[in-house]
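Residue-level structural notes
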Amino acid sequence: MTDDGKLEEFLAGDRLDDVAIFLTHEFLDEQGKIANMGEAVEDGVVLVVPGDDGRKAFAAGTGMDPMQFAKGAMDRDGVIYPDLGGGECPDAAAEPTEDHDAEFVFAFGEEQNEGVGGLYAEGDVMHAYAHCSCGTDYSHKWVMGEYSEDSAGEE
């Protein structure tokens, strides 16, 4: 695993042109090539890569268009962990007999925009989207550097 500080910089809002992709150990390739390019978190690896390359890598790794995935996930608020290494599915309480593990996360930052208001007036905003093993897609956003589980769904 690399530990070159990219994830820390991304989470701090210093890499707004990049995207982050979390993949569980089950999604990683057997040779470990992806794992060697990312930073280890508890349940997998987070890769921080330039935006276009990251969107292509996400599509190749998941079979989904990242922006279509994000658009669909925006409809459900959940909790995505501040290190982007997983989350808490909003359907877990209603379906306790199913597994509810985040299989992958796609995230990007958006620069502060006071004209938009809400979170965007407070600072750079993290947009994070997760896919749960139960099939639910969900989202969470927060002001970078001010993570809160309660910020899911705030505008």
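Worth saying up front: this structure is predicted, and the values here are computed from it rather than measured.

Rules used in this analysis
- Residues numbered from 1 in each chain as written.
- Predicted model: local features only at pLDDT ≥ 70, side-chain atom pairs only at ≥ 80, totals over all residues.
- Heavy atoms only, no water.
- Helix = DSSP H or I, 4+ residues; strand = E, 2+ residues; numbered from the N terminus.
- Buried < 20%, exposed > 50% of the residue type's maximum accessible area, 1.4 Å probe, protein only.
- Arc of directions from axis to C-beta.
- Polar contact = N/O pair within 3.5 Å; in protein donor to acceptor, adjacent residues only side chain to side chain.
- Salt bridge = Lys/Arg side-chain N within 4 Å of Asp/Glu carboxyl O.
- Contact = heavy atoms within 4.5 Å.
- Phe/Tyr/Trp six-rings, centres within 6.5 Å; stacked < 30°, edge-to-face > 60°.
- Expected span 1.5 Å × (residues − 1).

At L84, a residue that is not glycine, the phi angle is positive and equals roughly 70°. Looking at where L84 falls in the secondary structure, it is placed in the loop between β4 (79–80) and β5 (87–88). In this structure L84 comes out as buried when scored by relative accessible area, which is 1%.

Taken together, the buried positions of helix α4 (residues 66–73) are occupied by P66, F69, A70 and A73. Projected down its long axis, α4 shows its buried positions confined to an angular sector of 100°, all on one face. Seen from the buried face of α4, the exposed residues on the opposite side, beyond 90 degrees, are Q68 and K71. At the N-terminal end of α4, a side-chain oxygen is found 3.0 Å from the backbone nitrogen of M67, two or three residues along, and the residue is D65.

Another point: the pattern of salt bridges. For the coordinates displayed, the defined rule picks out 4 salt bridges. Put simply, R15 and D18 hold a salt bridge, and the shortest N to O gap is 2.6 Å. Look at R15 and you get partly exposed, because its relative accessible area is 22%. For the salt bridge of D52 with R55, the shortest nitrogen-to-oxygen distance reads 2.8 Å. Within this pair, D52 and its partner R55 are both found in helix α3 (residues 51–62), separated by 3 residues, close to a single helical turn. The exposure class assigned to D52 is exposed, which follows from its relative accessible area of 52%. What emerges from the salt-bridge pattern is a single network uniting E9, R15 and D18.

Another point: the environment of E110. Structurally, E110 is set in strand β6 (residues 102–110). When the C-alpha atoms of E110 and V125 are compared, they prove to be 5.1 Å apart, with 15 residues separating the residues in sequence. When neighbours within four sequence positions are excluded, E110 is seen to be in contact with L16, Y120, D124, V125 and H127.

On to the packing of aromatic side chains, then. Two descriptors summarise a pair of aromatic rings, namely the distance from one centre to the other and the angle between the planes of the rings. Taken as a whole, this structure holds 6 aromatic pairs when the rule is applied. One aromatic cluster is present, formed by F58, F69, F104, F106, F108 and Y129 through successive ring pairs.

Take α3 next. With 12 residues, α3 should cover 16 Å at 1.5 Å per step; its first-to-last C-alpha distance of 16 Å lies within 8% of that length. Among all positions in α3, only G51, G54, F58 and T62 are buried. One face of α3 carries all of its buried residues, which in axial projection span an arc of 60°. Pointing more than 90 degrees away from the buried face of α3 are the exposed residues D52, K56 and A60. Among the structural elements, β1 (18–24), β3 (44–50), α4 and β6 are those in contact with the buried residues of α3. After α3 finishes, the residue G63 shows a positive phi value of roughly 80°.

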